[in-house]
Amino acid sequence: MIAIGIIINITFGLIVNSLLNLPLYLDITGTVFVASVAGLLPAVLTGLLTNVIISFIIPNAFYFALLSVLAAIVAAYFVRYDKLHNIKGLIIYFIILALLGGNLTTLIHWLLLGEPQYKAVADLAHAITSTANNGVVFYLGVILVNTIIQGIDKSLASAIGFGLARFIPSKIKEDIYNSGWRQKPIPKEEIIASKIEGYRNTLLMKIIVMLVIVTSSFVAIISLVSINIYFEDCKEEYSINRSVYTESVSVEDGMNVIFHSMSLPSAKLVWHCPYVVLFSSDDGKIDGPNYREYALVKLSGENDCDTIYAENIMTNNQSSEFGDWDTWEKKNKEGVECHISFRKKKNSIELAAEDAGIIIRNTTKIKEMPKIVYFALTGDECAITDIRIYK
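A brief look at the structure comes next. The written sequence of each chain sets the order in which its residues are numbered from 1. Where totals are concerned, whole chains, interfaces and linings use all residues; where local detail is concerned, this predicted model gives features only for residues with pLDDT of at least 70, and gives and counts side-chain atom pairs only at 80 or more. In computing side-chain values, all of the structure's heavy atoms are included and hydrogens and water are not.

Here the focus is the sheet that holds strand 9 (residues 358–366). Two strands qualify as a pair provided that DSSP identifies no fewer than 2 bridges between them. To qualify as a helix, a DSSP run of H or I must reach at least 4 residues; to qualify as a strand, a run of E must reach at least 2; elements of each kind are numbered from the N terminus. Here we have six strands laid out as an open sheet, ordered 6-9-8-7-2-11, and antiparallel in their pairing. The sheet is open, and its two borders are formed by strand 6 (310–318) and strand 11 (382–390), each paired with just one other strand. Recorded for the sheet is a direction-independent mean angle of 20 degrees between the axes of neighbouring strands. Judged from the eight bridges that link them, strand 8 (residues 348–355) and strand 9 form a sheet pairing that is antiparallel. When the bridges of strand 9 are listed, S348 appears paired with K365. Interaxial angles span 0 to 180 degrees and are taken between N-to-C directions of axes, which are lines fitted to C-alpha atoms, for helices over the stretch in contact.

In this model, L26 sits at a positive phi of 55 degrees, which is unusual for a non-glycine residue. Here E381, not a glycine, exhibits a phi torsion of approximately 55 degrees, which is positive. Here E381 lies in the loop between strand 10 (374–379) and strand 11.

On to the environment of L45. Along the chain, L45 turns up in helix 3 (residues 40–54). For L45, a relative accessible area of 26% puts it in the partly exposed group. In this structure, the C-alpha to C-alpha distance between L45 and I6, residues 39 residues apart in sequence, is 9.3 Å. Partly exposed describes any residue whose relative accessible area lies between the buried limit of under 20% and the exposed limit of over 50%, with all areas from a 1.4 Å probe on protein chains only and scaled to the type maximum.

The next subject is the packing of aromatic side chains. Two rings belonging to Phe, Tyr or Trp (six-membered ring only in the last case) form a pair when the distance between their centres is within 6.5 Å. Interplanar angles under 30 degrees mark stacking, angles over 60 mark edge-to-face geometry, and anything in between is tilted. Tallying each qualifying case throughout the model produces eleven aromatic pairs. Judged by centre distance (6.0 Å) and plane angle (50 degrees), the ring pair of Y93 and F162 falls under tilted. Here F162 lies in helix 7 (residues 135–165) and Y93 lies in helix 5 (residues 87–113), a separation of 69 residues in the sequence. Owing to a relative accessible area of 0%, Y93 belongs among the buried residues under this scheme. Taking the centre distance of 5.5 Å and the plane angle of 35 degrees together, the rings of F279 and Y291 count as tilted. Taken as a pair, F279 in strand 3 (residues 274–280) and Y291 in the loop between strand 3 and strand 4 (292–298) lie far apart in primary sequence, twelve residues in all. In this structure F279 comes out as buried when scored by relative accessible area, which is 0%.

Before going further, it helps to spend a moment on the pattern of salt bridges. Here a salt bridge means any side-chain nitrogen of Lys or Arg lying within 4 Å of a carboxyl oxygen belonging to Asp or Glu. The tally for this structure, following the rule as stated, stands at seven salt bridges. One network of salt bridges, with partners in common, ties together E337, D386 and R388.

A separate point is the environment of A356. Mapped onto the fold, A356 is located in the loop between strand 8 and strand 9. Sequence separation between A356 and N332 is 24 residues; the distance between their C-alpha atoms is 7.4 Å. The contact rule is simple, with two residues in contact once any of their heavy atoms fall within 4.5 Å. Each residue touching A356, except ones within four places of it in the same chain, is listed here: E321, F322, W328, K331, N332 and V336.

Moving on: the nonpolar core. Soluble globular proteins tend to pack their nonpolar side chains together in the buried interior. To qualify as a nonpolar core, a set must consist of buried Ala, Val, Leu, Ile, Met, Phe, Trp, Tyr and Cys residues joined through side-chain atoms within 4.5 Å. Grouped together as the largest cluster of nonpolar side chains are 41 residues, with contacts concentrated most on V276, L278, W328, I340, F342 and F375. It is strand 3 that provides the largest number of residues to this core, a total of five residues. With near-sequence residues (within four places) excluded, F342 lies in contact with V251, E252, D253, G254, M255, V257, V276, L278, I349, E350, L351 and F375.

Time to look at the pairing of strand 2 (residues 256–263). Pairing of strand 2 with strand 7 (residues 336–344), which is carried by six bridges, proceeds in the antiparallel orientation. Each bridged residue has a counterpart across the sheet, and for H260 the counterpart in strand 7 is E337. Here seven bridges tie strand 2 to strand 11, and the two strands are oriented antiparallel to one another. From the neighbouring strand, S263 faces strand 11, where its bridge partner is C382.

What describes two packed helices is the angle between their axes and the distance between those same axes. At their nearest, the axes of helix 2 (residues 29–37) and helix 3 sit 8 Å apart, and the two run at 165 degrees to each other. Classified by the angle their axes make, helix 2 and helix 3 are roughly antiparallel. The two elements helix 2 and helix 3 meet at a crossing, and its hand is right-handed. Contacts between helix 2 and helix 3 involve G30, T31, V34 and A35 on the former and, on the latter, P42, A43, T46 and G47. Any angle from 65 to 115 degrees is called roughly perpendicular, while one under 35 is roughly parallel, one over 145 is roughly antiparallel, and all others are oblique. Less than a right angle of anticlockwise turn of the near helix away from the far helix marks a crossing as left-handed, whereas a clockwise turn marks it as right-handed.

Here we come to a nonpolar patch on the surface. To count toward a patch, a residue needs a relative accessible area over 30% and no salt bridge; like charges are then connected within 9 Å, while nonpolar side chains (Val, Leu, Ile, Met, Phe, Trp, Tyr) are connected within 5 Å. The method behind every accessible area is Shrake-Rupley, applied with a 1.4 Å probe, and residues are considered shielded solely by the protein chains displayed. The grouping of I128, L144, I148, I152 and L156 at the surface amounts to a nonpolar patch, some 440 Å² of accessible area in total. In terms of residues, the nonpolar patch owes the most to one element, helix 7, which gives four residues. Along the chain, the position of I152 falls in helix 7.

We now examine the environment of I149. Tracing the backbone through its elements, the reader meets I149 in helix 7. What makes I149 buried here is its relative accessible area of 14%. The sequence separation of I149 and V121 amounts to 28 residues, and the corresponding C-alpha distance is 9.1 Å.

Written as structure tokens, this is what we have:
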């Protein structure tokens, strides 16, 4: 039964996700089928082994083993306690799976890729959070989009899984459920006769629960350790990408900066573009003595949130030149002229920037204004040339 479930999972997962390239997976279809026919422990093993096998084809698949195990537990619980025969139970079931899928998928994608796996998810999240554009709000927007997608995905997978289980005759399902796994509940008559206070406290149930907990904990620990190692590698790569800066220049009121930018052929993410860094240091250099970074503005319309030294308020708009993100990325790879201007006030610096139709307004409120605030240009997977500064 476990083998059948794994085959169903892999078949649906590879066809829907890999061949059709949709943000759907249906890779718990077999797990739900096994949970409905054979119970909790076979379903958990089906989900876990599916991700282990798929990871040989798609390496990142193993990181989602925890989600598969949790989906198996939820499905088996709702089947065992007959909670799917009414609308309320169905709604609760789908909400739980959607929330688990949305949050875990977003977290894993963010740690592994630094962004949503699918560009459509990022575009929808950008559209939802465009009025409050910052990293935290965008992350919450991605969670919302992924929760909706996961709700649809898990609903379809569950419907198919439960539907397949209905083709199994009741007598055969009962025999499978109560056979080798010894999951048959003790009848009430036996409970009363033997004066047992509830069959949930039987030794066998404790063993099954213990196995589920151990399996889930093992998957969680391995996944978190693997993600942590991967994330550390990504952070190292990220720090290398920001290791090159232009010469720093003191910010003056009314200053304008024009430069040419071209994303490298290897650029594949939205934020592979120029950045503007606002900072201060004793020698006017990045990472110099008493270095304080106030803002990191990406010309894709993002700001790496606030620092301990300043607060940033960003808005961005899209002109008719923008088109869509594919067009924007194409223009940046062909080469674009970028324009930045500064307005300096008592305790704040207003930055305006434009890159291929993305129009940015960022106000940096500095908590302790230094004598001189500097800016420097940097970026990720891009070349910056022909810098011109004027007032």
